[in-house]
2 protein chains.
Amino acid sequence: MSPDPTPHIAITAGDPRGVGLELMLQALGKNPPPAHYTLIAPPQLVESMIEKLPHPKPKIKSIRKGDVPNGTVSLLPCAGEVELEDVGKLDQETSARIALASLDRAIELAVEGRFSAIVTAPLSKSAINRLLPGFVGQTEYLAERSGADEPTMLFWRPQLSLALVTRHLPLSRVADALTVDTITRTILALTELLQAMGEPSPRIAVCALNPHAGEDGILGDEEGEIISPAIEALQRRGMEVTGPLPADSLLTRIKPGEYHGVTAMYHDQGLIFFKSLGPGVNVTWGLPFVRTSPDHGPAFDLAGSGDADVESTKMAIKLAVDLVKGGGGKR
Amino acid sequence: MSPDPTPHIAITAGDPRGVGLELMLQALGKNPPPAHYTLIAPPQLVESMIEKLPHPKPKIKSIRKGDVPNGTVSLLPCAGEVELEDVGKLDQETSARIALASLDRAIELAVEGRFSAIVTAPLSKSAINRLLPGFVGQTEYLAERSGADEPTMLFWRPQLSLALVTRHLPLSRVADALTVDTITRTILALTELLQAMGEPSPRIAVCALNPHAGEDGILGDEEGEIISPAIEALQRRGMEVTGPLPADSLLTRIKPGEYHGVTAMYHDQGLIFFKSLGPGVNVTWGLPFVRTSPDHGPAFDLAGSGDADVESTKMAIKLAVDLVKGGGGKR
């Protein structure tokens, strides 16, 4: 046993032109669950942002270098080479450099075992892509940099969670990316998340890929050839998995408590439904550490306005702490 | 001018094992808008169904052959060769024959000009497909049989309508089916529906195809190459068309009154959103006659239970009458 069981949580800066960092600062100021939090960001930027945040100011007890005791937030500087004159005048490239430096440092230290979880702030994929061609999302980048080649993208809310079989992929490539193996792995990851959050025998509904669930093969054959075999094999293992169901019917008629989780075949299929439920948490399953994130983007139009909703960020921090304590979410 | 301006509306039977016909009978009994209605179904089936419908029984004033005056419903027999012993024991093939015979007769008479609109009851695509290989949906069939090769699938509700650029297509074929022309035509059809329903300058939002609207080309190039050019050309014509917008953000944050209509690229993208709003009407645009339908399937599990919601069927009948009166919906 570790001498100090308190979770060590890294918090990344995300793209500082967006709402991510200011929401992290707000959330950390509002009685976050007991943990050691280390915010990885340029100090000048953090100070300036706290100053500009609307009242009531977040009560961050201590912002200084190095680890500090429980209940306070450590600040680990990153992107030291970046010169900051005015947060409001940050250009896209500088912001992307900060976002990437913060994320890289968090991964490096989490892989070394210094952090048991990373809570990431949102960034601009296209801005990062200009520095780092091929970057399609933090989920894929975290997996690649930590040596985990098969991450699963999950979304958590108290009543109903979501898993995506494919993630950041052009729609034209979704059908080819479905295999019995990817579908099985995704449903198992969702099951593990739900079990880690206290549901021993989760009931999971699985969306079809095609309209009307392929209508017995007339509108596509992936249901019969790929999705059903994956579901049936899991059913034979005693799991309560139902589907493939027509996504539009399933996701618009689902009753509270009917299922604990839904598995969708692709990004928009799952998220057009999930985001309508309210704030949620993006969870990456299968990394060597826990990773959570608010389920929204950088929302550049809301930055500095005070109008961005902190709820998803608070939920992401709490879920990271809960998963570290429960031992879930890691490969 | 016609000597009798009252709309002549055909009502099809759909698959009699489902809820379609019983909902049509209920809706026709509850003060439908003034029109001449002709129900196309086997008389024995209709009588038996009215008898079995839960109280309060629909007040259908007259069921008999041939046209009757306004305020009553005519019954035009179809599928005369089908022997009906017990509605509850109809097999799949017999039901499909009834559904198809009713639909065929409605189209034939509408093309001849006897009906100005058809309101179709839901059927089972896969059951029809066994009689008629290649059948993928009533929308496509209506278009083919009436000589209209480019129908548009629209969905109407009082506050917000929806258009689908692609309809009953396997997901793997959606991306290839998008062209500047199909997108333009779909947006124009939606605009015409909204104008016919009283909104002279409709505001329309257009969904992206790929996650995050392609994230500047990283997650797909259809946004830049196909969808944006279509939208920009319509904007240059003075239309209020916005997009392409990331579908999950657009459809979960849309505010009442912000847009009059949404154009989605494929079936589930639009319907996972639209069906969550409540009952709606499926409208086919571009036929030689008006065609509406409730926006749900045959719901075999609810047939005869009295639990099926008649609202969408009532809305479909009312919209057909309104469109005929307003002169909209026809090629």
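Conventions adopted
- Residues numbered from 1 in each chain as written.
- Chains lettered and ligands numbered in written order.
- Predicted model: local features only at pLDDT ≥ 70, side-chain atom pairs only at ≥ 80, totals over all residues.
- Heavy atoms only, no water.
- Helix = DSSP H or I, 4+ residues; strand = E, 2+ residues; numbered from the N terminus.
- Rg over C-alpha atoms; globule rule 2.2 N^0.38 Å.
- Buried < 20%, exposed > 50% of the residue type's maximum accessible area, 1.4 Å probe, protein only.
- Contact = heavy atoms within 4.5 Å.
- Areas by Shrake-Rupley, 256 points an atom, 1.4 Å probe, with all protein chains shown as cover.
- Lys, Arg positive; Asp, Glu negative; His and termini not counted.
- Charge placed at Lys NZ, Arg CZ, Asp CG, Glu CD.
- Least-squares fit on C-alpha atoms with pLDDT ≥ 70 in both.
- Domains from an automatic or database assignment.
- Buried area = accessible area lost by both parts, 1.4 Å probe.
- Salt bridge = Lys/Arg side-chain N within 4 Å of Asp/Glu carboxyl O.
- Polar contact = N/O pair within 3.5 Å; in protein donor to acceptor, adjacent residues only side chain to side chain.
- Nonpolar A, V, L, I, M, F, W, Y, C, P; charged D, E, K, R; others polar.
- Axes fitted to C-alpha atoms, helices over the stretch in contact; angles between N-to-C directions.
- Parallel < 35°, antiparallel > 145°, perpendicular 65-115°, else oblique.
- Left-handed = near helix turned anticlockwise from the far one by under 90°.
- Expected span 1.5 Å × (residues − 1).
- Bend = angle between axes of the 7 residues up to and from the residue.
- Phe/Tyr/Trp six-rings, centres within 6.5 Å; stacked < 30°, edge-to-face > 60°.
- Lys NZ or Arg CZ within 6 Å of the ring centre and 35° of its normal.
- Pairing = 2+ DSSP bridges.

### Here's the deal with the overall build of chain A
Move 1: A tally of helices and strands in chain A yields eleven helices and twelve strands.
Move 2: Computed over the C-alpha atoms, the radius of gyration of chain A is 20 Å, within 12% of the 20 Å expected from 2.2 N^0.38 for a compact globule of 331 residues.
Move 3: When its C-alpha atoms are laid out on the principal axes, chain A stretches across 60 × 45 × 35 Å.
Move 4: Buried positions account for 59% of the 331 residues belonging to chain A.
Move 5: Once local pairs closer than 6 in sequence are excluded, the contacts in chain A between residues at least 24 apart make up 74%.
Move 6: Counting only carbon and sulfur atoms, one obtains 49% of the accessible surface of chain A, whose full area is about 13,200 Å².
Move 7: Counting 31 positive and 40 negative side-chain charges, chain A places the centres of these two groups 7 Å from one another.

### A short note on the relation of the copies chain A and chain B
Move 1: Once turned by 180° and shifted 0.0 Å along the axis, chain A lies on chain B with an RMSD of 0.0 Å. Interpreted geometrically, this transformation is the action of a two-fold axis.
Move 2: Both copies contact each other with a shared surface, as 100% of the interface residues of chain A are interface residues in chain B too.

### Some details on the domain arrangement of chain A
All names here are of chain A.
Move 1: Looking at chain A, the domain boundaries give domain 1 (8–151 + 285–326) and domain 2 (158–274).
Move 2: Taking only C-alpha atoms into account, the centre of domain 1 sits 30 Å from that of domain 2.
Move 3: When the area that domain 1 buries against domain 2 is broken down by residue, the three leading residues are E140, E150 and W285, summing to 45%.
Move 4: The tally of links between domain 1 and domain 2 comes to two salt bridges.
Move 5: A salt bridge links R167 to E140, with the nearest nitrogen and oxygen atoms 3.1 Å apart.
Move 6: Counting every contact that joins domain 1 to domain 2 gives five residue pairs in polar contact (both at pLDDT 80 or more).
Move 7: Listing elements by their share of the side of domain 1 that touches domain 2, those giving two or more residues are α5 (138–145) and α11 (311–326).
Move 8: Residue contributions to the side of domain 1 that touches domain 2 peak at four residues, all from α11.
Move 9: Partitioning the side of domain 1 that touches domain 2 into residue classes produces six nonpolar, two polar and five charged.

### A closer look at the packing of helix α3 (residues 92–111) of chain B against helix α5 (residues 138–145) of chain B
Residue and element names in this part refer to chain B.
Move 1: Contact pair α3 / α5: the axes reach a minimum separation of 10 Å and the direction vectors enclose 40°. Judged on the interaxial angle alone, α5 and α3 are oblique. The two elements α3 and α5 meet at a crossing, and its hand is right-handed. Residues L100, L103, D104 and I107 of α3 lie in contact with α5, whose contacting residues are Q138, Y141, L142 and R145.
Move 2: Classifying every residue of the contact of α3 with α5 gives five nonpolar, one polar and two charged.

### Quick notes on the environment of S201 of chain A
All names here are of chain A.
Move 1: When you line up the elements, S201 lands in the loop between α7 (180–196) and β8 (203–207).
Move 2: The sequence separation of S201 and S116 amounts to 85 residues, and the corresponding C-alpha distance is 26 Å.
Move 3: The residues contacting S201, other than those within four sequence positions of it, are E240 and H260.

### Description of helix α8 (residues 222–236) of chain B
All names here are of chain B.
Move 1: For α8, with 15 residues, the first-to-last C-alpha span of 20 Å sits near the 21 Å given by 1.5 Å per residue.
Move 2: At S228, α8 shows its largest bend, some 40°, and a proline, P229, comes one to four positions later.
Move 3: Within the sequence span of α8, burial applies to E222, E223, I226, I227, S228, A230, I231 and L234.
Move 4: Tucked inside the fold, the buried residues of α8 contact α6 (174–177), α7 (180–196), β8 (203–207) and β9 (240–245).

### A few points about the packing of helix α1 (residues 20–29) of chain B against helix α11 (residues 311–326) of chain B
All names here are of chain B.
Move 1: Where α1 meets α11, the closest approach of the two axes is 9 Å, and the angle between their N-to-C directions is 65°. For the pair α1 and α11, the crossing hand works out as right-handed. Residue-level inspection shows L23, M24, A27 and L28 of α1 in contact with α11, the latter providing T313, K314 and I317.
Move 2: The class makeup of the residues in the contact of α1 with α11 is five nonpolar, one polar and one charged.

### A short note on the packing of aromatic side chains
Move 1: All chains considered together, the criterion is met by five aromatic pairs over all chains.
Move 2: We note R17 of chain B situated over the ring of F300 of chain B; from NZ or CZ to the ring centre the distance is 4.5 Å.

### A closer look at the interface of chain A and chain B
Move 1: Contacts between chain A and chain B engage 41 residues on the former and 41 residues on the latter.
Move 2: Counting the surface lost from both chain A and chain B, the interface buries some 3,300 Å², and carbon and sulfur atoms represent 63% of this.
Move 3: Of all residues in chain A, L171, D248 and I272 of chain A give up the largest surface area on contact with chain B, accounting jointly for 20% of the area buried on that side.
Move 4: The closest approach of N and O atoms between D216 of chain B and R130 of chain A, which form a salt bridge, is 3.7 Å.
Move 5: Run the count over chain A and chain B and you get 14 residue pairs in polar contact (both at pLDDT 80 or more).
Move 6: Elements with a minimum of two residues in the side of chain A that touches chain B: α4 (125–131), α6 (174–177), α9 (247–253) and α10 (267–274) of chain A.
Move 7: For the side of chain A that touches chain B, the per-class residue count stands at 17 nonpolar, 14 polar and ten charged.

### Here we look at the side chain of K275 of chain B
Move 1: If you trace the backbone, K275 of chain B turns up in the loop between α10 (267–274) and β11 (281–285).
Move 2: For K275 of chain B, a relative accessible area of 19% puts it in the buried group.
Move 3: Once you skip the residues sitting within four places of it in the chain, K275 of chain B turns out to touch D248, S249 and T252 of chain A together with D295 of chain B.

### Looking at the pattern of salt bridges
Residues and elements named next belong to chain A.
Move 1: Enumeration over the complete set of coordinates arrives at 20 salt bridges over all chains.
Move 2: Between E108 and R105 there is a salt bridge, with the nearest N and O atoms lying 2.9 Å from each other. With E108 and R105 both in helix α3 (residues 92–111) and three residues apart, this pair spans about one turn of that helix.
Move 3: The exposure class of E108 is partly exposed, given its relative accessible area of 39%.
Move 4: Residue R105 is classed as partly exposed on the basis of its relative accessible area, which comes to 29%.
Move 5: A cluster of three or more residues bridged by salt bridges with shared partners is formed by E150, D181 and R185.

### Some remarks on unusual backbone geometry
Most peptide bonds take the trans configuration, and most residues that are not glycine carry a negative phi.
All names here are of chain A.
Move 1: A cis amide bond links G243 to the next residue, P244, at an omega of -5°.
Move 2: As for its placement among the helices and strands, P244 is situated in strand β9 (residues 240–245).
Move 3: Unusually for a residue other than glycine, H212 sits at a positive phi of about 55°.

### Quick word on the pairing of strand β12 (residues 290–294) of chain A
Residue and element names in this part refer to chain A.
Move 1: Extensive coverage of β12 is indicated by the burial of five of its five residues.
Move 2: Bridging between strand β11 (residues 281–285) and β12 involves four bridges; their strand directions are antiparallel. Residue pairing in the sheet places V283 in a bridge with T292 of β12.
Move 3: Remark: four residues form the turn of the hairpin made by β11 and β12, two consecutive strands paired antiparallel; G286 in that turn has positive phi of roughly 100°.

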